[in-house]
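One letter stands for each residue in the lines below.
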Amino acid sequence: IPDRDKLENSALNNPHGFGFAIALPNEKRILVERTMDPDESINRFLKLRKKHKDGYAMWHARYATHGSKTVDNCHPFKVGKDGLTYLAHNGIIDIPMDDKDDRSDTRVFAEDFLPAIGGVRALDNELVFEALEDNARGSKIAIITVDPVANLIDLAENTTSILTVTSLFCFA
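All of these numbers come straight from a predicted model, not from anything done at the bench. (Residues numbered from 1 in each chain as written. Predicted model: local features only at pLDDT ≥ 70, side-chain atom pairs only at ≥ 80, totals over all residues. Heavy atoms only, no water.)

Chemist: Give a description of the packing of helix α1 (residues 4-13) against helix α2 (residues 38-51) that names residues and reports values.
Modeler: As a packed pair, α1 and α2 sit with axes 10 Å apart at the nearest point and diverge in direction by 150°. By the criterion of interaxial angle, the relationship of α1 to α2 is roughly antiparallel. Regarding α1 and α2, the two cross each other, and that crossing is right-handed. Contacts between α1 and α2 pair Arg4, Leu7, Glu8 and Ala11 from the former with Pro38, Ile42, Asn43, Phe45 and Leu46 from the latter. Looking at the contact of α1 with α2, its residues break down into six nonpolar, one polar and two charged. (Axes fitted to C-alpha atoms, helices over the stretch in contact; angles between N-to-C directions. Helix = DSSP H or I, 4+ residues; strand = E, 2+ residues; numbered from the N terminus. Parallel < 35°, antiparallel > 145°, perpendicular 65-115°, else oblique. Left-handed = near helix turned anticlockwise from the far one by under 90°. Contact = heavy atoms within 4.5 Å. Nonpolar A, V, L, I, M, F, W, Y, C, P; charged D, E, K, R; others polar.)

Chemist: Before we move on, could you go through empty space enclosed by the protein and cite the residues and values that matter?
Modeler: Gaps left between atoms are located by rolling a probe of water-molecule size over the structure's atoms. Scanning the model with the defined rule gives one cavity of 30 Å³ or more in all. Approximately 30 Å³ is the volume found for the largest cavity. Contributing to the lining of the largest cavity are His89, Ile93, Leu132, Asn135, Ala136, Ser139 and Ile141. Counted by class, the lining of the largest cavity contains four nonpolar, three polar and no charged residues. (1 Å grid on protein atoms, 1.4 Å probe; cavity = no way out; pocket = protein on both sides within 12 Å on 5 of 7 lines; lining within 4 Å. Points joined across faces, edges and corners; volume = space filled by probe spheres on them.)

Chemist: I'd like a description of the environment of threonine 65, backed by residues and values.
Modeler: Structurally, threonine 65 is set in the loop between β3 (57-61) and β4 (77-78). Overall, threonine 65 belongs to the partly exposed group, its relative accessible area being 41%. Contacts of threonine 65, omitting those with residues within four sequence positions, involve Gly91, Ile92 and Asp105. In terms of polar contacts, threonine 65 uses its side chain to reach the side chain of histidine 66, at 3.3 Å. (Buried < 20%, exposed > 50% of the residue type's maximum accessible area, 1.4 Å probe, protein only. Polar contact = N/O pair within 3.5 Å; in protein donor to acceptor, adjacent residues only side chain to side chain.)

Chemist: If you had to explain the nonpolar core to someone new, which residues and values would you point to?
Modeler: Among the nonpolar cores identified, the biggest contains 17 residues, and Leu87, Phe109, Leu114, Leu123 and Ile143 are the most heavily contacted of them. Residue assignment for this core shows that the elements contributing at least two residues are α3 (105-116), α4 (126-135) and β6 (140-145). Looking at this core element by element, the count peaks at four residues for α3. In terms of nonpolar packing, the next biggest core, distinct from the first, is built from 14 residues, Leu7, Phe20, Phe45 and Ala57 among them. (Core = buried A, V, L, I, M, F, W, Y, C linked by side-chain atoms within 4.5 Å.)

Chemist: Run through the pattern of salt bridges, naming residues and quoting values.
Modeler: Applying the stated criterion across every chain, the model contains eight salt bridges. Where aspartate 101 meets arginine 103, a salt bridge forms, and the shortest distance between an N and an O atom there is 2.8 Å. Note on aspartate 101: relative accessible area 24%, which makes it partly exposed. A salt bridge links aspartate 147 to arginine 121, with the nearest nitrogen and oxygen atoms 2.9 Å apart. You can see aspartate 147 sitting in the loop between β6 and α5 (152-156) and its partner arginine 121 sitting in the loop between α3 and α4, a full 26 residues away along the chain. Where salt bridges share partners, they join Asp101, Arg103, Arg107, Glu111 and Asp112 into one cluster. (Salt bridge = Lys/Arg side-chain N within 4 Å of Asp/Glu carboxyl O.)

Spelled out as structure tokens, the structure:
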């Protein structure tokens, strides 16, 4: 179970929205909640994490760099439409965005870019994974998937940018 003090400190330093994802591998789904209220997010995450200890989990506190400060831009974001994969990110993703797009750069990455290249399964290709890793230098991307076809964990053991964390907390 994560340390409440660390989550609270993260929320103080990154006050623009909060969310978490907990993989429920036996149910083949991911439990996700997002809110603008840090206390609500921390309390719910700790309660649900205590109940669901078996799968991977992440908790995210947002510091807004792109997009509005709304719950719609709180991490984690669903990758594509199937709900089998979610991601969160710390840093800035250099991705083309329309000036009128109110979404965060991470949301655009999760909803548009990653699905366009094949979703999480594209990261099983070592060349795609390394290209994304090179582009993410200085950023941290965490991905949780229950997609039975994805082999993301195999590649993640050799990475420094993807699936590493700062104020984004991941728990096995």
